[in-house]
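# Observations on chain architecture
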Amino acid sequence: GFATTPAGYAELWGWAGSLGAIAVAGVEGTSSYGAGLTRYLRAQAVRVVEVDRPDRKSRRMQGKSDPLDACSAARAVASGRAAGVPKSQDGVVESIRCLHLARRSAIKARTQAVNQIRALWTTGPAALREQTRGLGRKALISRMARLRPELNGAQHPEQATKIAVRGLARRCQALNEEIAALEVQLSQLTLAAAP
C-alpha cells in the first residue's frame, strides 16, 4: 500500500508510471477520502474518473478485498462504465463548500448549547427561572452570559447552574460571531460565483 500523503502519492505515481504511460486514473471517493489523490493526479495532468464503490452483492459473495476492488475499478474505467467527472475541488465553489460546512457545524453547536441552557434553566432552582421568564432566545443568552456566579460556590446547585449556563451562553455568543463572519464570507463568495 501507499501512504495517503504527498510522498505516498508520488511513490504511487512512480510505481504506476513504471508500468507504462498513464492515460486515465480511476479514484473512488474523489470528494472525500480520495480528494488528496485526485488533486495530486490532476496536478500530473492525468484525467481522473470517479469510480463507484463496489456493489454490496459482489462484496458479500467475494468478501472485502482491496486487490479485487482495485481490479474491479480498473475494469470499470477501461470499459467506460466509470465515467464520472470528479468535482474540481478548487476555486470559489470549493471555498463555498468549506465555509458552508463550517457554518452548518457552528449552527448545530449553537442549537445544542441553547438546548442545554434551556434544560439546565428549566430544571434549576425556581429563583433563577424567574429572572428570565418571558425572554426571547437572544435576550436570554445575553442575560445569562452576564451572570456572576460565586466561583467558589460550585458545590451549591444554584451556583453550579449559573456557572454552567454562563459558559454555555458565552459559547453561544462566540458561535453567533463565528456564524455571522462565515455568512459575510459566504455572501461575498456566492456573489463572485454567481453574480
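See above for the structure.
The sections below set out a description of the structure shown in this document. (Residues numbered from 1 in each chain as written. Predicted model: local features only at pLDDT ≥ 70, side-chain atom pairs only at ≥ 80, totals over all residues. Heavy atoms only, no water.)

Considered as a void within the structure, the second largest pocket measures approximately 170 Å³ in volume. Of all the elements in the fold, those that place two or more residues in the lining of the second largest pocket are helix 5 (91-123) and helix 7 (137-145). In terms of residue count, the dominant contributor to the lining of the second largest pocket is helix 5 (3 residues). Looking at the lining of the second largest pocket residue by residue, the class counts come to 4 nonpolar, 3 polar and 3 charged. (1 Å grid on protein atoms, 1.4 Å probe; cavity = no way out; pocket = protein on both sides within 12 Å on 5 of 7 lines; lining within 4 Å. Points joined across faces, edges and corners; volume = space filled by probe spheres on them. Helix = DSSP H or I, 4+ residues; strand = E, 2+ residues; numbered from the N terminus. Nonpolar A, V, L, I, M, F, W, Y, C, P; charged D, E, K, R; others polar.)

Mapped onto the elements, Thr-161 comes out in helix 8 (residues 157-193). When neighbours within four sequence positions are excluded, Thr-161 is seen to be in contact with Leu-120, Trp-121, Pro-125 and Leu-128. (Contact = heavy atoms within 4.5 Å.)

This part covers the environment of Lys-108. Among the secondary structure elements, Lys-108 is positioned in helix 5. By relative accessible area, Lys-108 is classed as exposed at 56%. In this structure, the C-alpha to C-alpha distance between Lys-108 and Leu-175, residues 67 residues apart in sequence, is 9.8 Å. (Buried < 20%, exposed > 50% of the residue type's maximum accessible area, 1.4 Å probe, protein only.)

A few words now on the pairing of strand 1 (residues 24-28). Of the two faces of strand 1, the one lined by Ala-25 and Val-27 is fully buried and the one lined by Val-24, Gly-26 and Glu-28 carries no buried residue. Relative to strand 2 (residues 47-51), strand 1 runs parallel, the two sharing 5 bridges. Along strand 2, the bridge assignment pairs Val-24 with Arg-47. (Pairing = 2+ DSSP bridges.)

Right, let's talk about the pattern of salt bridges for a bit. For the coordinates displayed, the defined rule picks out 2 salt bridges. When the shortest N-O distance is used, the salt bridge between Glu-130 and Arg-133 registers 2.5 Å. Its relative accessible area of 59% is what places Arg-133 among the exposed residues. (Salt bridge = Lys/Arg side-chain N within 4 Å of Asp/Glu carboxyl O.)

With that settled, the discussion passes to the packing of aromatic side chains. A full pass over the atoms with the stated rule returns 2 aromatic pairs. For the ring pair Phe-2 and Trp-15, a centre distance of 5.9 Å and an interplane angle of 45° mean the geometry is tilted. Within this pair, whereas Phe-2 is found in the segment before helix 1 (6-18), its partner Trp-15 is found in helix 1, the two being separated by 13 residues in sequence. Ring centres 5.9 Å apart and planes at 45° place the aromatic pair Tyr-9 and Tyr-40 in the tilted group. Of the two residues, Tyr-9 sits in helix 1 while Tyr-40 sits in helix 2 (residues 35-43), which places them 31 residues apart along the sequence. By the burial criterion, Tyr-9 is buried, and Tyr-40 matches it. (Phe/Tyr/Trp six-rings, centres within 6.5 Å; stacked < 30°, edge-to-face > 60°.)

Any link to function would need more than the numbers given here.
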